[in-house]
Amino acid sequence: MSVLSPVQPSNQSGNQPDQPDPTSETSQEIPVSRPATPPATKRRSGSTGRFGFLRPAYWLPLAVLLVALGMLWSVTANDSPYLLPPLAAVGEALAANPLFYLTNAWATLAVALVGLAIGFVGSFILAVLVSELPVARRAIMPIAVVLSVTPLVAIAPALVVAFGFGPEPKLIVTALICFFPILINVSTGLRSVSPAVLQVFTTLHASRLEMLWHVRIPSALPYLFTALRVVFPLSIIGAVVAELSAPGAAEGLGTVISVASSNNRLAVVYAAIFCLAIMGSLLLLIITAIEDRVLHWHESRVAAKS
Amino acid sequence: MTLTSPSVTTADSISIRGAVKIYGSGASQHVALQNVDVDIKRGQFVSIIGPSGCGKSTLLRLIAGLEDADEGIAEVFGVTAEQACAAKMIGLVPQAPALLPWKDVLGNVSMPAKINRRADKLRRRIHGHLERPAPDMIDLLHKAGLADAVHKLPAQLSGGMQQRAAIVRAFGVQPDVLLMDEPFSALDEFTRESIQEQLLDIWDENKTTVVFVTHSVSEAVRLSDKVLVMSARPGRITASVDITLPRPRSQAMLKSAEFHHFEDVIRDHLQTAWQENPMTGSTPIAAGAAS
Ligand SMILES: Nc1ncnc2c1ncn2[C@@H]1O[C@H](COP(=O)(O)OP(=O)(O)O)[C@@H](O)[C@H]1O
Ligand SMILES: [Mg+2]
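Below: a short report on this structure. Values in this document were obtained by computation on a predicted structure and should not be read as measured data.

About the cut-offs
- Residues numbered from 1 in each chain as written.
- Chains lettered and ligands numbered in written order.
- Predicted model: local features only at pLDDT ≥ 70, side-chain atom pairs only at ≥ 80, totals over all residues.
- Heavy atoms only, no water.
- Helix = DSSP H or I, 4+ residues; strand = E, 2+ residues; numbered from the N terminus.
- Contact = heavy atoms within 4.5 Å.
- Areas by Shrake-Rupley, 256 points an atom, 1.4 Å probe, with all protein chains shown as cover.
- Buried area = accessible area lost by both parts, 1.4 Å probe.
- Salt bridge = Lys/Arg side-chain N within 4 Å of Asp/Glu carboxyl O.
- Polar contact = N/O pair within 3.5 Å; in protein donor to acceptor, adjacent residues only side chain to side chain.
- Nonpolar A, V, L, I, M, F, W, Y, C, P; charged D, E, K, R; others polar.
- Core = buried A, V, L, I, M, F, W, Y, C linked by side-chain atoms within 4.5 Å.
- Buried < 20%, exposed > 50% of the residue type's maximum accessible area, 1.4 Å probe, protein only.
- Pairing = 2+ DSSP bridges.
- Axes fitted to C-alpha atoms, helices over the stretch in contact; angles between N-to-C directions.

Counting its regular elements, chain A contains 14 helices and zero strands. Contacts spanning at least 24 positions in sequence make up 72% of the contacts within chain A whose residues lie at least 6 apart. For chain A, the computed accessible surface area is about 15,700 Å², with 71% contributed by carbon and sulfur atoms.

Facing 25 residues of chain B, the contacting portion of chain A comprises 19 residues. Buried area between chain B and chain A, summed over both chains or domains, comes out near 2,100 Å², and the portion from carbon and sulfur atoms is 76%. On the chain B side of the interface with chain A, the three residues burying the most area are Leu66(B), Trp102(B) and Ile115(B), jointly 28% of the side's total. Put simply, chain B and chain A have zero salt bridges between them. Between chain B and chain A we count two residue pairs in polar contact (both at pLDDT 80 or more) in total. Looking at the side of chain B that touches chain A residue by residue, the classes come out as 18 nonpolar, two polar and five charged.

This brings us to the nonpolar core. Counting residues in each nonpolar core, the largest one holds 106 residues, and the members touching the most others are Phe201(A), Leu179(B) and Val211(B). No other element matches the 16 residues that helix 11 (residues 208-245) of chain A contributes to this core. If we ignore the near neighbours within four places in the chain, the residues touching Leu179(B) are Leu60(B), Ile63(B), Ala64(B), Ile90(B), Gly91(B), Leu92(B), Val93(B) and Val211(B). Judged by nonpolar contacts, the second largest core, of 31 residues, contains Val93(B), Ala149(B), Val210(B) and Phe212(B).

With that out of the way, let us pick up the sheet that holds strand 4 (residues 71-76) of chain B. All names here are of chain B. The four strands lie next to each other as 2-1-4-5, forming an open sheet whose pairing is antiparallel. Strands with a single pairing partner mark the edges of an open sheet, and in this sheet they are strand 2 (30-41) and strand 5 (79-80). Relative to strand 4, strand 1 (residues 13-23) runs antiparallel, the two sharing five bridges. Note on strand 4: the bridge partner recorded for Val20 is Glu71. On the sheet, helix 1 (residues 56-63) packs against strand 1, strand 2 and strand 4 and is oriented at approximately 125° with respect to strand 1.

Below, the discussion takes up the pattern of salt bridges. Residues and elements named next belong to chain A. This model, assessed by the stated rule, comprises 13 salt bridges over all chains. Residue Arg208 is joined to Glu132 by a salt bridge in which the shortest nitrogen-to-oxygen separation is 3.4 Å. Here Arg208, found in helix 11, pairs with Glu132, found in helix 6 (residues 98-132); they are 76 residues apart in sequence, far enough to count as distant. Here Glu132 falls in the buried class, since its relative accessible area comes to 14%.

Right, dumping it as structure tokens:
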């Protein structure tokens, strides 16, 4: 994934007409490693005003594809019931016990968010340190880059051995996989300030702290949100993998999946996966909405409004 | 830190003595400034003109304390450039507006006041510094033609409006000297002339010292009390022309014979400098060429 490489500051590189539009559905599924939304013209041409998405041209392709995929699923499920459960069975599993899925989804979500919060605080502080101290940067960044391309979820089983079935291994895994994308993006963002701005603030004799607070951290926000759009869904993956590796754990969708698959209850497995997909999408939606508000000043968003 | 260090000349001027700045070393060594002497009296509007790469920005950075000279002395009203920065005596307008995109215009121009608050105390201790009340930023924005843009974001403004905001920001700290590095080079002719007029208006009221880098001859003549002509390889000052045109300088004066006389004098100096050094690879007055 392109997430792991530092992003281009799009407010300096100017307009990039063929950037994908993060506000369109496609890129909500595939977080793109760019802090900015692209020129507004794209959105305008695709729809007429606010309710453009009601036009068949807008929703029909997706609807057709969904129906086709559903039919393919049903055919497969009929032919080989051990490969896929019938869709109806998945729906029934969900409808029969919604509270069961809700409590387990909440358990997974809580782990994901707490782990994410730990990873966020740690990586942000380290990013500031690394951007302020060249020595720290030279020491830490190579390691960070290597670790960011390492599938850190793989240490989940080892952590279960070390910490048992409590929340620790789950939180550690989630925090770790969120750590490096944030560290790399934010440390890049903190140093993305243009030389001219630096010169203006240097002639005002701004202290390092003032520089950080008034200039560097706001400049890093677009980079931070790029990382968050990746890391929010990633945190759920971390939590689920950790639950899968701790089969005795009491709660969580990962546990549900591992228990149900050992009992051959495919419908429950897919119902849980469905819940995970919804959760990931909701998180992505929330972070995108927050980003829209916080980065309202960003060049591309300003252009979209006026 | 003593703010009354021994000064080479009077404390009431910006003075650079024998400044040498060399970039790189060995074969790739490049003499950006060679033995540059500059004297700018308080309240003067001085322009620096010359071909691209002759060291204009380097000279400005020297005064701004953004760069140290390899040899020679740079003093800003009796103190070192660094001390001048610490006391917020220097306002900088770079070539790009360099506004903070997340702050509206008012937020941007008010920013310097929030930074380095100790400066006011330091400033009062500096000999010759004129104590002025903090300006009303809204009022200043109105004078700069930004009345409608007070609460707009930089991305919502044209290049000319952004540059106006950058100028207001620099005036906002009531600096003893305003350093401007080709601030209008990216603007179209119309915008340029109106913004020049507003700059002169604001300057007239505040009587700040201004050092203005440009590569437009008419801009230099219109704005300045004195024009320093620079030449490249090595970067040095080849002529100093006093512009004795009366002020205020109206639009009509731009067509007068005296105005053209000064333009011709400066063009001749640039021409001579260039003929001595055709290797610089650029014409003396490269219109629109950014350095
Ligand atoms: N940081 C730097 N490192 C190396 N060379 C530089 C640097 N800054 C400027 N120079 C060189 O010094 C010369 C003068 O540059 P500058 O002052 O920017 O010229 P001007 O502003 O008149 O166009 C140029 O030849 C440029 O290449
Ligand atoms: Mg320059």
